[in-house]
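Architecture and fold: a report
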Amino acid sequence: GLSILQNNRVVKNYAKADGLTNPVVMNIYESPEGAIYLGSDGGGIYKIENGQITNYSEADGLGSGIIMRLRHDPALRGLWVSTENGLSFWDESGIRPIAKLGQFGVNIFDIQLKGEDEIWLLGSGGVHMASRKSLLDESAPLRLETLQRRDGLVHTITANAWNYRTPDQEPGGNELYICTNQG
């Protein structure tokens with residue numbers, strides 16, 4: 001579920017009785033307009049807007065109901081959604097699956113954005129780097145660079161972990177700190 005705290009007090013709770021049919025929430029995003037998106041562990045995404053809860057699932061374009069990460073993309077004015085079974089992009093036109101990733105789109109644990117166009121997808125297959133615009137353009141060829149253990153990663157990337165990337169404007173803005181399961 002979701003508990004909202006304000007001024008050191010719980011001011012609102014959302015649970016199963018409020019419409020969260022799967023109340024296990026794994027991540028949260030609040031839009032600039034104030035809508036709250038809850039990524040759940042099997043129930044897809046719940047959007048809370050003006051007190052109303054709407055549920056989005058595989059039928060709406062999500063790869064799975066298990067939402068690993070929600071990442072706002074200010075440059076493209078949308079939301080990247082990673083699941084255990086694919087990547088989707090959600091903007092004013094709706095949710096669309098990114099099918100061109102194929103096997104590379106499975107088990108994406110985290111999404112990091114770099115600059116205006118680069119996206120780093122961290123998952124069971126390593127770190128995949130691509131152009132965000134080319135992922136969304138079905139007619140554009142997929143240019144995907146992948147780093148795996150053979151390229152120097154110590155071990156498998158940890159699921160449900162929060163990795164860290166230094167901001168673009170800082171010196172060393174290309175550094176990505178990755179959580180792995182063995183060092």
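Since the model is a prediction, treat every value here as computed from it, not as a measurement.

1. Topic: the confidence of the model for the chain
Looking at the chain as a whole, its pLDDT mean stands at 89, while 95% of the residues score no less than 70. When the elements of the chain are averaged for pLDDT, strand S16 (residues 176–177) gives the smallest value, 84, and strand S5 (residues 45–49) the largest, 97.

2. Let's talk about the sheet that holds S5
Spatially, 4 strands are ordered S3-S4-S5-S6 in an open sheet, and the strand pairing comes out antiparallel. Taken across any chain shown, the strands that pair with only one partner, and hence form the sheet edges, are strand S3 (25–30) and strand S6 (52–56). Each strand axis lies, on average, 20° off the axis of its neighbour in the sheet, ignoring direction. Bridge count for strand S4 (residues 36–40) against S5 is 4 bridges, and the pairing is antiparallel. By the bridge assignment for S5, Tyr-37 is matched with Lys-47.

3. Considering the environment of Met-129
Take Met-129: it is sitting in strand S13 (residues 126–131). When its relative accessible area of 13% is taken as the criterion, Met-129 is described as buried. If sequence neighbours within four positions are ignored, Met-129 has contacts with Glu-118, Ile-119, Trp-120, Arg-143, Leu-144, Glu-145 and Leu-147.

4. Overview of the layout of surface pockets
Picture a little ball the size of a water molecule; that probe, rolled over the atoms, points out where space is still empty. In this model, the largest pocket occupies a volume close to 420 Å³. Lining the largest pocket are 17 residues, and of these Glu-33, Tyr-37, Arg-77, Gly-78 and Asp-91 sit closest to its centre. Looking at the lining of the largest pocket, the elements with two or more residues in it are S5, strand S8 (78–83) and strand S9 (86–91).

5. Side note on the environment of Asp-151
Along the chain, Asp-151 falls in the loop between strand S14 (144–147) and strand S15 (164–165). The partly exposed category is assigned to Asp-151, whose relative accessible area is 42%. For the pair formed by Asp-151 and Gly-126, sequence separation is 25 residues and the distance between their alpha carbons is 9.6 Å.

6. Considering the pairing of S4
Most of S4 sits out of view: 5 of its 5 residues are buried. In S4, alternate side chains face the same way, and those of Ile-36, Leu-38 and Ser-40 on one face and Tyr-37 and Gly-39 on the other are all buried. The pairing of S3 with S4 spans 5 bridges and is classified as antiparallel. In the strand pairing of S4, Asn-27 is matched with Gly-39. From the end of S4 to the start of S5, which pair antiparallel, there are 4 residues, and Gly-42 there has a positive phi angle of about 125°.

What counts and what doesn't
Residues numbered from 1 in each chain as written. Predicted model: local features only at pLDDT ≥ 70, side-chain atom pairs only at ≥ 80, totals over all residues. Heavy atoms only, no water. pLDDT = per-residue confidence, 0-100. Helix = DSSP H or I, 4+ residues; strand = E, 2+ residues; numbered from the N terminus. Pairing = 2+ DSSP bridges. Axes fitted to C-alpha atoms, helices over the stretch in contact; angles between N-to-C directions. Buried < 20%, exposed > 50% of the residue type's maximum accessible area, 1.4 Å probe, protein only. Contact = heavy atoms within 4.5 Å. 1 Å grid on protein atoms, 1.4 Å probe; cavity = no way out; pocket = protein on both sides within 12 Å on 5 of 7 lines; lining within 4 Å. Points joined across faces, edges and corners; volume = space filled by probe spheres on them.

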